[in-house]
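Chain by chain, the residues:
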Amino acid sequence: MTLFRRRRRTMIVALLALGLGAGAFAYAATNTVPGSTAGAGSGTISGYTVSGVAYTVNATTPTNLDQVAFTIAPTAATTVKAQLAAGGSWYSCANAAGSVTCNTTSPQATVAAATQLTVVATQ
């Protein structure tokens, strides 16, 4: 009788384990994941050429710089920013077919603080 009880217990435990496994699989099988894409690629990054730099001083306070203008090539830059001092403010610029103007009045740039011109441009 003891052997019969062990087999019966083993059979019950096996059936419970099988039922739990099937239940877990049923829940996992209900997940729906939408299709997606992934990929990698590379492209060449080339620089811009800035030339013809001109600064406009304020007519009333000539120690203030109101604008910096320059020519940029290639001309298709859609975002152009300029900085007049290392760690200084970045100024947004407008590009019209390679002719770039940057208003430097907010915050007001000064002649004394303008130590370098850094230009960042993207297409």
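Residues numbered from 1 in each chain as written. Predicted model: local features only at pLDDT ≥ 70, side-chain atom pairs only at ≥ 80, totals over all residues. Heavy atoms only, no water.

Draft legend 1. Seen up close, the overall build of the protein. Helix and strand counts for the protein come out as one helix and seven strands. Residue burial in the protein is summarised as follows: out of 123 residues, 18% are buried. For the protein, the accessible surface area stands at approximately 9100 Å², while carbon and sulfur atoms represent 60% of it. (Helix = DSSP H or I, 4+ residues; strand = E, 2+ residues; numbered from the N terminus. Buried < 20%, exposed > 50% of the residue type's maximum accessible area, 1.4 Å probe, protein only. Areas by Shrake-Rupley, 256 points an atom, 1.4 Å probe, with all protein chains shown as cover.)

Draft legend 2. Geometry of the side chain of Asn58. Summarising the element assignment, Asn58 is placed in the loop between strand S1 (49–57) and strand S2 (64–73). A distance of 3.0 Å separates polar atoms of two side chains, one belonging to Asn58 and the other to Asp66. Ignoring any residue separated from it by four or fewer positions in sequence, one finds Asn58 in contact with Asn64 and Asp66. (Polar contact = N/O pair within 3.5 Å; in protein donor to acceptor, adjacent residues only side chain to side chain. Contact = heavy atoms within 4.5 Å.)

Draft legend 3. Molecular detail of the confidence of the model for the protein. Averaged over all residues, the pLDDT of the protein equals 87, while 81% of them reach at least 70. Averaged pLDDT values over the elements of the protein bottom out at 65 in helix H1 (residues 2–28) and peak at 98 in strand S5 (residues 99–103). (pLDDT = per-residue confidence, 0-100.)

Draft legend 4. Looking closely at the pairing of S1. Pairing between S1 and S2: seven bridges, direction antiparallel. The residue of S2 that forms the bridge with Val50 is Ile72. (Pairing = 2+ DSSP bridges.)

Draft legend 5. Representation of the nonpolar core in the model. Val68, Phe70, Ile72, Ala77, Val80, Ala82, Cys93, Val100, Cys102 and Ala121 form the largest nonpolar core, which has 10 residues in total. At three residues, S2 tops the list of elements feeding residues into this core. Those residues within four positions of Val80 in sequence are excluded, and the remaining contacts are Phe70, Tyr91, Ser92, Cys93, Asn95, Val100, Val119, Val120 and Ala121. (Core = buried A, V, L, I, M, F, W, Y, C linked by side-chain atoms within 4.5 Å.)

Draft legend 6. Just a nonpolar patch on the surface, in detail. On the surface, Val50, Val53 and Tyr55 cluster together to form a nonpolar patch covering roughly 230 Å² of accessible area. For Tyr55, the position within the fold is in strand S1. (Patch = residues over 30% accessible without salt bridge, like charges linked within 9 Å, V, L, I, M, F, W, Y side chains within 5 Å. Salt bridge = Lys/Arg side-chain N within 4 Å of Asp/Glu carboxyl O.)

Draft legend 7. A look at unusual backbone geometry. With an omega of 0 degrees, the peptide bond running from Ala73 to Pro74 counts as cis. Within the secondary structure, Pro74 is located in the loop between S2 and strand S3 (79–83). The linkage connecting Ser106 with the following residue, Pro107, adopts the cis geometry, with an omega of -5 degrees. For Pro107, the location among the structural elements is in the loop between S5 and strand S6 (109–110).

Draft legend 8. The arrangement of the side chain of Gln83 in detail. Among the secondary structure elements, Gln83 is positioned in strand S3. We classify Gln83 as buried; its relative accessible area is 8%. Within polar-contact distance, the side chain of Gln83 engages the backbone oxygen of Gly88 at 2.9 Å. In this view, Gln83 contacts Gly88, Ser89, Trp90, Gln116, Leu117 and Thr118; residues no more than four positions away in its chain are not counted.

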